[in-house]
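This is what each chain is made of:
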Amino acid sequence: DYRPRRPIPTWLKVDSGMHRLGFDPARVEALWQRLRAVPERVTALHLMTHFATADALEPGYFQYQLGMIEALAQRLGAPTCLANSPATLAWPQAHGAWNRPGVMLYGSNPLEGENDATRELRPVMTLRSELIAVREIAAGEPVGYGGRWRAPRPSRIGVVAAGYGDGYDRHAAD
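Residues numbered from 1 in each chain as written. Predicted model: local features only at pLDDT ≥ 70, side-chain atom pairs only at ≥ 80, totals over all residues. Heavy atoms only, no water.

Per the secondary structure count, the chain includes four helices and seven strands. Counting from the amino terminus, the chain carries its helices and strands in the arrangement β-α-β-α-β-α-α-β-β-β-β. With the C-alpha coordinates aligned to their principal axes, the bounding extent of the chain is approximately 70 × 40 × 30 Å. Across the 174 residues in the chain, those meeting the buried criterion constitute 30%. The long-range fraction of contacts in the chain, counting pairs at least 24 apart against all pairs at least 6 apart in sequence, stands at 53%. Carbon and sulfur atoms make up 53% of the accessible area of the chain, which totals about 11700 Å². Of the charged side chains in the chain, 20 are positive and 18 negative; the average position of the first set lies 7 Å away from that of the second. (Helix = DSSP H or I, 4+ residues; strand = E, 2+ residues; numbered from the N terminus. Buried < 20%, exposed > 50% of the residue type's maximum accessible area, 1.4 Å probe, protein only. Contact = heavy atoms within 4.5 Å. Areas by Shrake-Rupley, 256 points an atom, 1.4 Å probe, with all protein chains shown as cover. Lys, Arg positive; Asp, Glu negative; His and termini not counted. Charge placed at Lys NZ, Arg CZ, Asp CG, Glu CD.)

For the rest of this paragraph, the subject is the nonpolar core. Grouped together as the largest cluster of nonpolar side chains are 23 residues, with contacts concentrated most on L47, F51, F62, A87 and A94. A per-element tally of this core places helix α2 (residues 60–76) first, with seven residues. (Core = buried A, V, L, I, M, F, W, Y, C linked by side-chain atoms within 4.5 Å.)

In this section: the side chain of H46. For H46, the position within the fold is in strand β2 (residues 42–48). A polar contact is formed between the side chain of H46 and the side chain of W98, at a distance of 3.3 Å. In this structure H46 touches T10, W11, L12, W32, P79, T80, A97 and W98, once residues within four positions along its chain are discounted. (Polar contact = N/O pair within 3.5 Å; in protein donor to acceptor, adjacent residues only side chain to side chain.)

Before going further, it helps to examine the pattern of salt bridges. For the structure on display, the rule yields four salt bridges. Between R75 and E29 there is a salt bridge, with its nearest N and O atoms 2.8 Å apart. With R75 in helix α2 and E29 in helix α1 (residues 25–36), this residue pair connects regions lying 46 residues apart in the sequence. A relative accessible area of 34% places E29 in the partly exposed class. A salt bridge links E114 to R119, with the nearest nitrogen and oxygen atoms 3.4 Å apart. Under the relative-accessibility criterion, E114 is labelled exposed at 58%. Its relative accessible area of 40% is what places R119 among the partly exposed residues. (Salt bridge = Lys/Arg side-chain N within 4 Å of Asp/Glu carboxyl O.)

This paragraph deals with α1. In a regular helix each residue adds 1.5 Å, so 12 residues correspond to 16 Å; α1 covers 17 Å between its end C-alpha atoms and thus fits that length. Within the span of α1, buried status applies to V28, L31 and W32. Burial along α1 is one-sided: seen end-on, the buried residues are contained in an arc of 110°. Away from the buried face of α1 by more than 90 degrees, exposed residues A26 and R34 are located. (Expected span 1.5 Å × (residues − 1). Arc of directions from axis to C-beta.)

Moving on: the sheet that holds strand β1 (residues 8–13). On the basis of which strands lie adjacent, the open sheet formed by three strands has the order β1-β2-β3 and parallel pairing. Two strands lie at the open edges of the sheet, namely β1 and β3 (80–81), each paired on one side alone. Note that β1 and β2 share five bridges and pair parallel. Each bridged residue has a counterpart across the sheet, and for I8 the counterpart in β2 is V42. Against the sheet, α1 makes contact with β1 and β2, and its axis sits at roughly 165° relative to β2, the strand it touches most. (Pairing = 2+ DSSP bridges. Axes fitted to C-alpha atoms, helices over the stretch in contact; angles between N-to-C directions.)

Where nonpolar side chains cluster on the molecular surface, the patch consists of V103, L105, Y106, V124 and M125 and spans about 520 Å² of accessible area. Mapped onto the fold, V124 is located in the loop between α4 (116–119) and β4 (131–137). (Patch = residues over 30% accessible without salt bridge, like charges linked within 9 Å, V, L, I, M, F, W, Y side chains within 5 Å.)

In C-alpha cells, the structure reads:
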C-alpha cells in the first residue's frame, strides 16, 4: 500500500476506442470514486483518452470517441486531457484542461488534409545525407530489407547514407 509524501497529480486514462491503453469505460466511474476517496494520495484528478482518428478527414469515429468521453466527464464533473496533435489543430471542442501536442511540436502536419493551423507549422528539423553508391539492376530485382521494392524495368538506383543509426526506421514509408 503506497503512501506518497504528498498527493500525486493523476490522469485516469479511458479506452474510448483506440484499444491500446486505458480502462474500460464501464469501470471508470468506480475507479474515479476510489481515487477521489484518497485525497491524501491523489490530487488534480483528470480523465484522459487518446483519439484513434482525430487526423482523418471522416469524423465519425472521432466524434463517437469524443461524445463518449465528454458524457463520462460531465457525469463525473471531471476536467479532461483529450487533444493529441490532430485534435489540438482541428477539433477545438476536444480541448480540455490539458492538451497533449506531439508531432506538431516538430512542425509536422498530423492531419490527412490541411487547415489554417497546419499551414502555420514550420519544421524544426532537417534530414541531410549523401549518396554513397549508385548501381544498375535488372528488371524484377528486389531492393532493400525484405525486397520491399522490385525494379519494374532495368534501373539505376542510389543508396543514401541514412538508416537505423540516423533514426530512420526501415518500416517508414518509402
